[in-house]
2 protein chains.
Amino acid sequence: MIPKDHPRYRSLVVRERLAECAREGIVALEGLASHGRGEAFDYLIGEKTTESALLAARTAAAMLLSARHAVISVNGNTAALAAREIAELQRASNADVEVNLFHRTDERIRLITNLLEEHGVRVLSGTPERLIPLSHDRALCLPEGIGDADVILVPLEDGDRCEALRKMGKTVITIDLNPLSRTARTANLTIVDEVTRALPAITTACTSLEPGEGERLIASLDNAYLLRAAIDEMRERLAHALE
Amino acid sequence: MIPKDHPRYRSLVVRERLAECAREGIVALEGLASHGRGEAFDYLIGEKTTESALLAARTAAAMLLSARHAVISVNGNTAALAAREIAELQRASNADVEVNLFHRTDERIRLITNLLEEHGVRVLSGTPERLIPLSHDRALCLPEGIGDADVILVPLEDGDRCEALRKMGKTVITIDLNPLSRTARTANLTIVDEVTRALPAITTACTSLEPGEGERLIASLDNAYLLRAAIDEMRERLAHALE
């Protein structure tokens, strides 16, 4: 349908993949708009992993590896775009994976769990409880998963939930292309990068940190600096955009 | 479903409206992602009509009013978000309205026509022909509509089509929140503003241009300046975003 010579072919193909997953019920329709927001910011960082994003990814690896109990919280968009990358990160980090949805239904939980398992992810199962300080179903998580975790990686998270997880005393790592979002500013560590680039960067770091490097990265974590660096990239790119 | 105290309540409600229209077949699923891209850029211009966007809107009014045959080309997103605003602009400018879709099906044309007519828009009907220099159904338009027009307002248009319309010798006015898009850079005049703010701004200008003002606005049109002004707004906002 999309002509191969369309200048934005790749971006349109990814959109079609998400639209297909929306038809199947894996991605919420609202998730398609969220993806578009990300695309815009990705364009502004040049659709590549910046130096500061790589530093953030290595710090994330150090935090996952040194956690008492690390959990990766996966939503529909993350599963649709990066099921394989989640499986690889799980193998490298030994983190648990829990499906956790803003637009939660049992059917979507089942579809997303199936998709992840097809790609080799071990997905936590159990009976969710209202443990997150939020209204309605957004309070639900597994007591033995997010409920017990000390470190949580939440790619593409809503700002409310990110804040609520912080209030529970969790250390929150997020992947968010918008360095101005509440999620980006509330998390302990924000990787400003596209999810299919950021996850492999964390996975690679998990197996390549030098002795002592993890401790040093964690000790020198400065999330305001990481956000500022991403913003500076965007400003620079905008400055030269019409040349 | 969305709690009223959510800080991004308005944006989430608009997304739900589009998601609802997607369920009904008015908005293409791919259109939801496009909307998200727009949201990101709207955030960066401060979710308001900037001074340069207002100048662009007044220039657009002058061009529509002085056209031999002005046509407003409406797609699913525009109809879903701004059917009433299209009706008002049509009354003020006396332009024709044609439904023209990137993801074209007879069913979507019918649904969007109905939605527009419910809001008081007079929609052109007829037998489309392959007049636009593009492959597949994206070549289709009405000979007595876009085919005959000298000035076309295409809110939220794809870059390929914008270019093809220029190749046909049409004067193209677009509304596009991304000042870096091919559409924004290919159009004769780009209004970098959100569609439900930009359309009423054009409508107001249609009834408030001073004698001679229209000619002056058209003579001094400098689209590169308008794009640069929008980019400067975004850079400025990014610079102060973390304060």
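What you are looking at is a predicted structure, and each value in this text was computed from that prediction instead of being measured.

Cut-offs applied
- Residues numbered from 1 in each chain as written.
- Chains lettered and ligands numbered in written order.
- Predicted model: local features only at pLDDT ≥ 70, side-chain atom pairs only at ≥ 80, totals over all residues.
- Heavy atoms only, no water.
- Helix = DSSP H or I, 4+ residues; strand = E, 2+ residues; numbered from the N terminus.
- Rg over C-alpha atoms; globule rule 2.2 N^0.38 Å.
- Contact = heavy atoms within 4.5 Å.
- Phe/Tyr/Trp six-rings, centres within 6.5 Å; stacked < 30°, edge-to-face > 60°.
- Lys NZ or Arg CZ within 6 Å of the ring centre and 35° of its normal.
- 1 Å grid on protein atoms, 1.4 Å probe; cavity = no way out; pocket = protein on both sides within 12 Å on 5 of 7 lines; lining within 4 Å.
- Points joined across faces, edges and corners; volume = space filled by probe spheres on them.
- Buried area = accessible area lost by both parts, 1.4 Å probe.
- Salt bridge = Lys/Arg side-chain N within 4 Å of Asp/Glu carboxyl O.
- Nonpolar A, V, L, I, M, F, W, Y, C, P; charged D, E, K, R; others polar.
- UniProt positions renumbered as here; feature names shortened; annotations may be inferred.
- Buried < 20%, exposed > 50% of the residue type's maximum accessible area, 1.4 Å probe, protein only.
- Polar contact = N/O pair within 3.5 Å; in protein donor to acceptor, adjacent residues only side chain to side chain.
- Axes fitted to C-alpha atoms, helices over the stretch in contact; angles between N-to-C directions.
- Parallel < 35°, antiparallel > 145°, perpendicular 65-115°, else oblique.
- Left-handed = near helix turned anticlockwise from the far one by under 90°.
- Pairing = 2+ DSSP bridges.
- Least-squares fit on C-alpha atoms with pLDDT ≥ 70 in both.

Caption draft 1: Region of interest: the overall build of chain A. Tallying secondary structure elements over chain A gives 10 helices and 7 strands in all. Rg of the C-alpha trace for chain A: 17 Å, near the compact-globule value of 18 Å for 243 residues, within the 12% margin. Its C-alpha atoms give chain A principal-axis dimensions of roughly 55 × 45 × 35 Å. Across chain A, contacts joining residues at least 24 apart in sequence account for 65% of those joining residues at least 6 apart.

Caption draft 2: Spatial organisation of the packing of aromatic side chains. According to the stated counting rule, one finds 0 aromatic pairs over all chains in the structure shown. When the ring centre of Tyr43 of chain A is taken as reference, the NZ or CZ atom of Arg237 of chain A above it lies at 5.0 Å.

Caption draft 3: Focus on empty space enclosed by the protein. Residues and elements named next belong to chain A. What the rule picks out here adds up to 3 cavities of 30 Å³ or more. Considering only enclosed or pocket space, the largest cavity measures out at about 40 Å³ in volume. Forming the boundary of the largest cavity are Thr50, Ser52, Ala53, Ala56, Thr190, Ile191, Val192, Leu226 and Ala230. Secondary-structure elements contributing two or more residues to the lining of the largest cavity are α3 (51–66), β7 (189–191) and α10 (223–239). Broken down by element, the residue count for the lining of the largest cavity peaks at 3 residues, all from α3.

Caption draft 4: Spotlight on the interface of chain B and chain A. Listed as interface residues are 44 residues of chain B and, on the opposing side, 44 residues of chain A. Interface area for chain B against chain A, summed over the two sides, is near 4,100 Å², with a carbon-plus-sulfur share of 63%. Seen at the junction of chain B and chain A, the total is 4 salt bridges. At the level of elements, α1 (9–24), α2 (29–44), α7 (182–186) and α10 (223–239) of chain B are the ones that each hand at least two residues to the side of chain B that touches chain A. A per-element tally of the side of chain B that touches chain A places α2 of chain B first, with 12 residues. Partitioning the side of chain B that touches chain A into residue classes produces 23 nonpolar, 6 polar and 15 charged.

Caption draft 5: Local environment of the UniProt feature "binding site: ATP" (unreviewed entry) in chain A. Residue and element names in this part refer to chain A. Mapped onto this structure's residue numbering, the UniProt feature "binding site: ATP" (unreviewed entry) falls at Arg15, Arg37, Asp176, Leu177, Asn178, Arg182 and Thr183. Of the residues just listed, which span 169 residues, the most distant C-alpha pair is 24.5 Å apart, and they do not cluster in one region. Secondary-structure assignment places Asp176 in the loop between β6 (171–175) and α7 (182–186). Look at Asp176 and you get buried, because its relative accessible area is 12%. Beyond its immediate chain neighbours, meaning those up to four positions away, Asp176 contacts Ser181, Thr183, Ala184, Thr190, Ile191, Val192 and Asp193. In this structure the side chain of Asp176 is engaged in a polar contact, spanning 2.8 Å, whose partner is the side chain of Ser181. Within the element layout of this structure, Asn178 appears in the loop between β6 and α7. Asn178 has contacts with Arg37, Phe41 and Ala184, leaving out every residue within four places of it along the chain.

Caption draft 6: Here's a closer look at the packing of helix α2 (residues 29–44) of chain A against α1 of chain B. Running from N to C, α2 of chain A and α1 of chain B cross one another at 120 degrees; their axes reach a closest spacing of 8 Å. It follows from the interaxial angle that α2 of chain A and α1 of chain B lie oblique. The element α2 of chain A and its partner α1 of chain B pack so that their crossing is right-handed. Where α2 of chain A abuts α1 of chain B, its residues Leu29, Glu30, Ala33, Ser34 and Arg37 of chain A lie against Ser11, Arg15, Glu16, Ala19, Ala22 and Arg23 of chain B. Classifying every residue of the contact of α2 of chain A with α1 of chain B by side-chain character gives 4 nonpolar, 2 polar and 5 charged.

Caption draft 7: Spotlight on the sheet that holds β7 of chain A. Residues and elements named next belong to chain A. In spatial order, the strands read β2-β1-β5-β6-β7; together these 5 strands make up an open sheet with parallel pairing. At either end of the open sheet lies a strand with only one pairing partner, and these are β2 (96–99) and β7. For this sheet the average axis-to-axis angle between neighbouring strands, irrespective of direction, equals 20 degrees. Bridge count for β6 against β7 is 3 bridges, and the pairing is parallel. In the strand pairing of β7, Thr174 is matched with Thr190.

Caption draft 8: Layout of the relation of the copies chain B and chain A. Placing chain B over chain A gives an RMSD of 0.0 Å and needs a rotation angle of 180 degrees, together with 0.0 Å of translation along the axis. The transformation relating the two chain copies, once decomposed into turn and shift, fits a two-fold axis. Both copies share a contact surface, since 100% of the interface residues of chain B are interface residues in chain A too.

Caption draft 9: Quick look at the side chain of Glu30 of chain B. Tracing the backbone through its elements, the reader meets Glu30 of chain B in helix α2. Judged by relative accessible area, which is 10%, Glu30 of chain B ranks as buried. Sequence-distant contacts of Glu30 of chain B, defined by excluding residues within four places in its chain, comprise Arg15, Glu16, Ala19 and Arg23 of chain A together with His103 of chain B.

Caption draft 10: Inspection of unusual backbone geometry at higher detail. At Leu156 of chain A, a position not held by glycine, the phi torsion is positive, near 60 degrees. Among the secondary structure elements, Leu156 of chain A is positioned in the loop between β5 (151–155) and α6 (159–167). Residue classification places Leu156 of chain A among the partly exposed positions, given a relative accessible area of 32%. A positive phi is found at Glu47 of chain B, a non-glycine position, where the angle reads about 50 degrees. Relative to the helices and strands, Glu47 of chain B resides in the loop between α2 and α3 (51–66). The partly exposed category is assigned to Glu47 of chain B, whose relative accessible area is 47%.

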